[in-house]
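Each chain, written out:
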Amino acid sequence: MSIPVQILICPWEQIGNADETILSLGRQFADQYGFCIPDKIVRPANAKPCFAGSEIFFSVSHSGSYWTCAVSNAQLGIDLQRYQTCRMEWIAKRFFHPNEAAWIKDRGQEAFFLVWTAKESYVKFTGEGITDDFAAFSVVDDKGNMNVCNHAVLQHIPFQENYALCICTPEKADVKIIDQEKQRA
């Protein structure tokens, strides 16, 4: 069995009020799956934002020209990254677990961003964010697989050339990408 996840991806300039868009997505999801309709977003101190009094969860990311929000009835994290020139080896040495750094070594830019989005979606899932412990865990296992981290499921979602998109959920997700044109209507 898999959990439902809906993801809206749209150009950054089309997002007017992000909170209104997130609430709208949460309400649509709740209505479709029979959950309590969220009425506001709260931002607790030292915790990730959430819907008040609802069993619906969300996660947001943006990179390059795109903004994305994922909603589900389970905790989740999402990360979107546009491939860009960076000091990959230096970043990997500082922020990646040795298994991850070894895995990307001869695989290039795409591999680097696959690892980065998996790691960041995981810490959004846990609510920890990027801390000094970011290199203490590995999203790449001993066999070179990148689909589970500490019992959380990682799923890379095809998006566009030169972008990596990953979600992290407690179990396999049934992902639906929401049409941005229908969302604006």
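Heads up: the structure comes first, above all this text.
A short tour of the structure in this document, coming up. Predicted model, so just to flag it, every value in this text is computed and none were measured.

### Side note on the nonpolar core
Right, on to step 1. Counting residues in hydrophobic clusters, the biggest one holds 27 residues, and the most contacted among them are Phe96, Ile104, Val115, Tyr122, Val139 and Leu154.
Right, on to step 2. Per element, the largest residue contribution to this core is nine residues, and it comes from helix H4 (residues 109–126).
Right, on to step 3. Counting residues in hydrophobic clusters, the runner-up holds 16 residues, among them Leu25, Phe29, Ile56 and Val71.

### Considering the environment of Leu8
Right, on to step 1. Relative to the assigned elements, Leu8 resides in strand E1 (residues 3–11).
Right, on to step 2. Accessibility expressed as a relative area gives 2% for Leu8, which makes it buried.
Right, on to step 3. Sequence separation between Leu8 and Cys50 is 42 residues; the distance between their C-alpha atoms is 17 Å.

### Side note on unusual backbone geometry
Right, on to step 1. Of note, Asn46 is a non-glycine position whose phi angle comes to about 60°, a positive value.
Right, on to step 2. Within the secondary structure, Asn46 is located in the loop between strand E2 (41–42) and strand E3 (50–51).
Right, on to step 3. Positive phi is not limited to glycine here, since Asn150 has a value of about 50°.
Right, on to step 4. Relative accessible area serves as the criterion here: at 52%, Asn150 is assigned to the exposed category.

### Topic: the side chain of Ser61
Right, on to step 1. Looking at where Ser61 falls in the secondary structure, it is placed in strand E4 (residues 57–63).
Right, on to step 2. Only 3.0 Å separates the side chain of Ser61 from the backbone nitrogen of Leu80, close enough to count as a polar contact.

### Observations regarding the packing of helix H2 (residues 88–95) against H4
The relative placement of two packed helices comes down to the angle between their axes together with the axis-to-axis distance.
Right, on to step 1. Interaxial distance between H2 and H4 falls to 11 Å at its minimum, and their mutual angle equals 30°. Relative to H4, the element H2 is oriented roughly parallel. With respect to the hand of their crossing, H2 and H4 are arranged in left-handed fashion. Judged by residue contacts, Met88, Ile91, Ala92 and Phe95 of H2 engage Gln109, Phe112, Trp116 and Lys119 from H4.
Right, on to step 2. Split into classes, the residues belonging to the contact of H2 with H4 amount to six nonpolar, one polar and one charged.

### Here's the deal with the pairing of strand E8 (residues 152–156)
Right, on to step 1. In terms of burial, E8 is largely enclosed, as four of its five residues are buried.
Right, on to step 2. Here strand E7 (residues 148–149) runs beside E8; their pairing, made up of two bridges, is antiparallel. The partner of Cys149 across the bridge, within E8, is Ala152.
Right, on to step 3. Here E7 folds back onto E8 in antiparallel fashion, the turn holding two residues, of which Asn150 has a positive phi close to 50°.
Right, on to step 4. One ladder, built from four bridges, connects E8 with strand E9 (residues 163–169); its direction is antiparallel. Bridge pairing in E9 links Leu154 to Cys168.

Each value, and the rule that gives it
Residues numbered from 1 in each chain as written. Predicted model: local features only at pLDDT ≥ 70, side-chain atom pairs only at ≥ 80, totals over all residues. Heavy atoms only, no water. Core = buried A, V, L, I, M, F, W, Y, C linked by side-chain atoms within 4.5 Å. Buried < 20%, exposed > 50% of the residue type's maximum accessible area, 1.4 Å probe, protein only. Helix = DSSP H or I, 4+ residues; strand = E, 2+ residues; numbered from the N terminus. Polar contact = N/O pair within 3.5 Å; in protein donor to acceptor, adjacent residues only side chain to side chain. Axes fitted to C-alpha atoms, helices over the stretch in contact; angles between N-to-C directions. Parallel < 35°, antiparallel > 145°, perpendicular 65-115°, else oblique. Left-handed = near helix turned anticlockwise from the far one by under 90°. Contact = heavy atoms within 4.5 Å. Nonpolar A, V, L, I, M, F, W, Y, C, P; charged D, E, K, R; others polar. Pairing = 2+ DSSP bridges.

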